[in-house]
Amino acid sequence: MMDWLQRFMYGRHGVDQLNLVMMLAAIFLTIVENFVRGPVFFLLFALAVLLFVLVVFRMFSRNEEKRRRENQKFLTIVQPVTRWGSTMRSRWRDRKVCRYFRCPHCKATLRVPRGKGKIQIKCPVCKTEFIRKT
Ligand SMILES: [Zn+2]
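Residues numbered from 1 in each chain as written. Predicted model: local features only at pLDDT ≥ 70, side-chain atom pairs only at ≥ 80, totals over all residues. Heavy atoms only, no water.

### Observations regarding unusual backbone geometry
In step 1: Positive phi outside glycine occurs at K107, with the angle close to 70°.
In step 2: Position of K107 relative to the elements: it lies in the loop between β1 (98-102) and β2 (109-113).
In step 3: Its identity as a non-glycine residue notwithstanding, K127 has a phi of 70°, on the positive side.
In step 4: With respect to the secondary-structure elements, K127 resides in the loop between β3 (118-122) and β4 (129-133). (Helix = DSSP H or I, 4+ residues; strand = E, 2+ residues; numbered from the N terminus.)

### Quick notes on the environment of T128
In step 1: By secondary structure assignment, the location of T128 is in the loop between β3 and β4.
In step 2: In sequence terms T128 and T30 are 98 residues apart; their C-alpha atoms lie 52 Å from each other.
In step 3: Leaving out residues up to four positions away in the same chain, T128 has contacts with C103, H105, I121, K122 and C123. (Contact = heavy atoms within 4.5 Å.)

### A closer look at the domain arrangement of the protein
In step 1: Each assigned domain of the protein is listed with its residue range as follows: domain 1 (3-93) and domain 2 (99-133).
In step 2: Taking only C-alpha atoms, the centre of domain 1 and the centre of domain 2 are 40 Å apart. (Domains from an automatic or database assignment.)

### Observations concerning the packing of aromatic side chains
In step 1: If you walk through the whole model with that rule in mind, you get 3 aromatic pairs.
In step 2: Taking the centre distance of 6.0 Å and the plane angle of 15° together, the rings of F41 and F45 count as stacked. A residue pair is termed a helical-turn pair when its members lie 3 or 4 positions apart in one helix, as F41 and F45 do in helix α3 (residues 38-59) at 4 residues.
In step 3: What makes F41 partly exposed here is its relative accessible area of 27%.
In step 4: Grouped by ring-pair contacts, the aromatic residues F41, F42 and F45 constitute a single cluster.
In step 5: It is R12 that lies over the ring of F8; its NZ or CZ is 4.3 Å from the centre.
In step 6: The aromatic ring of Y100 is capped on one face by R91, whose charged end is 4.6 Å from the ring centroid. (Phe/Tyr/Trp six-rings, centres within 6.5 Å; stacked < 30°, edge-to-face > 60°. Buried < 20%, exposed > 50% of the residue type's maximum accessible area, 1.4 Å probe, protein only. Lys NZ or Arg CZ within 6 Å of the ring centre and 35° of its normal.)

### A short note on α3
In step 1: Across its 22 residues, α3 extends 32 Å between first and last C-alpha, which sits within 8% of the 32 Å expected from 1.5 Å per residue.
In step 2: Of the residues making up α3, those classed as buried are L44, A48, L51, V55 and R58. Looking straight down α3, one finds its buried side chains confined to an arc of 100°; they lie on one side. Within α3, the exposed residues directed more than 90 degrees away from the buried face are P39, F42, L50 and V53.
In step 3: For α3, the secondary structure elements touched by its buried residues are α2 (17-33) and α4 (64-93). (Expected span 1.5 Å × (residues − 1). Arc of directions from axis to C-beta.)

### Examining the coordination of the zinc ion
In step 1: Within the protein, the zinc ion binds to C103 (SG), C106 (SG), C123 (SG) and C126 (SG); these donor distances fall in the range 2.3 Å.
In step 2: Bound by 4 donor atoms, the zinc ion shows angles of 108 to 112° at the metal and therefore tetrahedral coordination geometry.
In step 3: Within one chain, the residues serving as donors to the zinc ion are arranged as C-x2-C-x16-C-x2-C. With a gap of 20 residues between them, C106 in the loop between β1 and β2 and C126 in the loop between β3 and β4 connect regions that are remote in the sequence.
In step 4: Judged by relative accessible area, which is 26%, C126 ranks as partly exposed. (Donors = N, O, S within 2.8 Å, 3.2 Å for Na, K, Ca; no water. Tetrahedral: all angles 85-135°; square planar, octahedral: opposite > 155°, others 65-115°.)

Structure follows, in structure tokens:
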């Protein structure tokens, strides 16, 4: 039954991170559209349609090489955001056992075990020493 679909998608690009994000953005815009009027509405509407068209175009594209490069470029651009997100996640996970300090000299973020009282911390980056309560 799904044979024709498999045959149809064969050699086509399909879904990648860029498509997924554009799709979510388009859905988000479609929701926001309901709360605005006038030129803003048409702007968002046009943007959402454009995104949907791009998603469909990239999904069914047979130019795998080019689509892969687009996705790679996209991932490189959003890397600071995803890295910040994973840092925040691990901070939240370790919040009971670790404290985070910022080096007063080079601003590097340092991770220190919690509950050790007042300790001297040495920055591994610039070797500056400072005292903090953990
Ligand atoms: Zn430092």
